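Coordinate analysis (summary)
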Amino acid sequence: MTRCYDDANHRVLAYSSAGLMFLVFASSYSFLSLSRSGVESNITLLQTPAALWSYGMPEVGALVAAFIIVIPATVLAMMAALCILINQGRYHSWLVPLAKGIFLGQQWSMVEVFIIAVIVALVKIAAMATVVIGISFWAYAAFTVCFTLAVSSLDRYQCWERIEALKAQ
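**Quick word on the side chain of S153**
Relative to the helices and strands, S153 resides in helix α6 (residues 135-153). Overall, the relative accessible area of 11% leaves S153 in the buried class. Apart from residues no more than four positions distant in its own chain, S153 is found in contact with A8, R11, V12 and Y15.

**Overview of the packing of aromatic side chains**
For the structure on display, the rule yields eight aromatic pairs. For the pair F103 and W160, a centre-to-centre distance of 6.1 Å together with 45 degrees between the ring planes defines the contact as tilted. A residue pair is termed long-range when its members are at least 10 positions apart, and F103 in helix α4 (residues 95-108) and W160 in helix α7 (residues 156-168) qualify at 57 residues. The class for F103 is buried, based on a relative accessible area of 5%. By relative accessible area, W160 is classed as partly exposed at 24%. Both rings, one in Y140 and one in F143, keep their centres 5.2 Å apart while their planes meet at 50 degrees; by these two values the pair is tilted. With Y140 and F143 both in helix α6, this residue pair falls three residues apart, about one helical turn. Residue classification places F143 among the buried positions, given a relative accessible area of 0%. Here the aromatic cluster, defined as three or more aromatic residues joined through ring pairs, consists of F31, F114, F137, W138, Y140, F143 and F147.

**A word on the environment of V131**
By secondary structure assignment, the location of V131 is in strand β3 (residues 130-133). What makes V131 partly exposed here is its relative accessible area of 22%. Separated by 98 residues in sequence, V131 and S33 have C-alpha atoms that sit 5.8 Å apart. Ignoring sequence-local partners within four residues, the contact set of V131 consists of S33, L34, L122, I125 and A126.

**What about the environment of I69?**
Tracing the sequence through the fold places I69 in helix α3 (residues 58-88). As for I69 and M110, which are separated by 41 residues in sequence, their C-alpha atoms are 9.0 Å apart.

**Remarks on the sheet that holds strand β1 (residues 30-36)**
In spatial order, the strands read β2-β1-β3; together these three strands make up an open sheet with antiparallel pairing. At either margin of the open sheet sits one strand with a lone partner, and together these are β2 (39-44) and β3. Geometrically, the sheet is characterised by an average inter-axis angle of 15 degrees between neighbouring strands, direction not taken into account. Relative to β3, β1 runs antiparallel, the two sharing four bridges. Considered in β3, the bridge of L32 is made with I133. Along the sheet face, helix α5 (residues 111-125) touches β1 and β3 and points at about 15 degrees away from the line of β1.

Criteria and cut-off values
Residues numbered from 1 in each chain as written. Predicted model: local features only at pLDDT ≥ 70, side-chain atom pairs only at ≥ 80, totals over all residues. Heavy atoms only, no water. Helix = DSSP H or I, 4+ residues; strand = E, 2+ residues; numbered from the N terminus. Buried < 20%, exposed > 50% of the residue type's maximum accessible area, 1.4 Å probe, protein only. Contact = heavy atoms within 4.5 Å. Phe/Tyr/Trp six-rings, centres within 6.5 Å; stacked < 30°, edge-to-face > 60°. Pairing = 2+ DSSP bridges. Axes fitted to C-alpha atoms, helices over the stretch in contact; angles between N-to-C directions.

Next up, the structure:
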């Protein structure tokens, strides 16, 4: 199903920009803290894949970093670039590969899966330890919402129509 909005590029650009800012915030602060019997542990979003790496699972750590940080950030940056170029009304030879990369990358992003998994884990852990949710968790949740809105606002058909119109000029 396709939905054509006149302001679709502006929406996607706004959601992409906000999402990237929230990802920077999520990477800068504490994600969550656990404490039990006087022992406290803090973790940041960037330490999540590094912890898996240090526990002898480098492949899993690399996949987690790719699916929850690198690919989503790349997709949002590419979406912002695409919208800026379309709004400028200029065709570039790399516009088509950029759009193809966006639509491919959307399928490999797992931000929603990660945030749901964290919430489920927090519910399970809350019975055993004191859990303090950090600013990074809320920033990543906002990043997830912005990412989802940006992806859902970028209509594939409308995008290709605009690229073809720019190419024809």
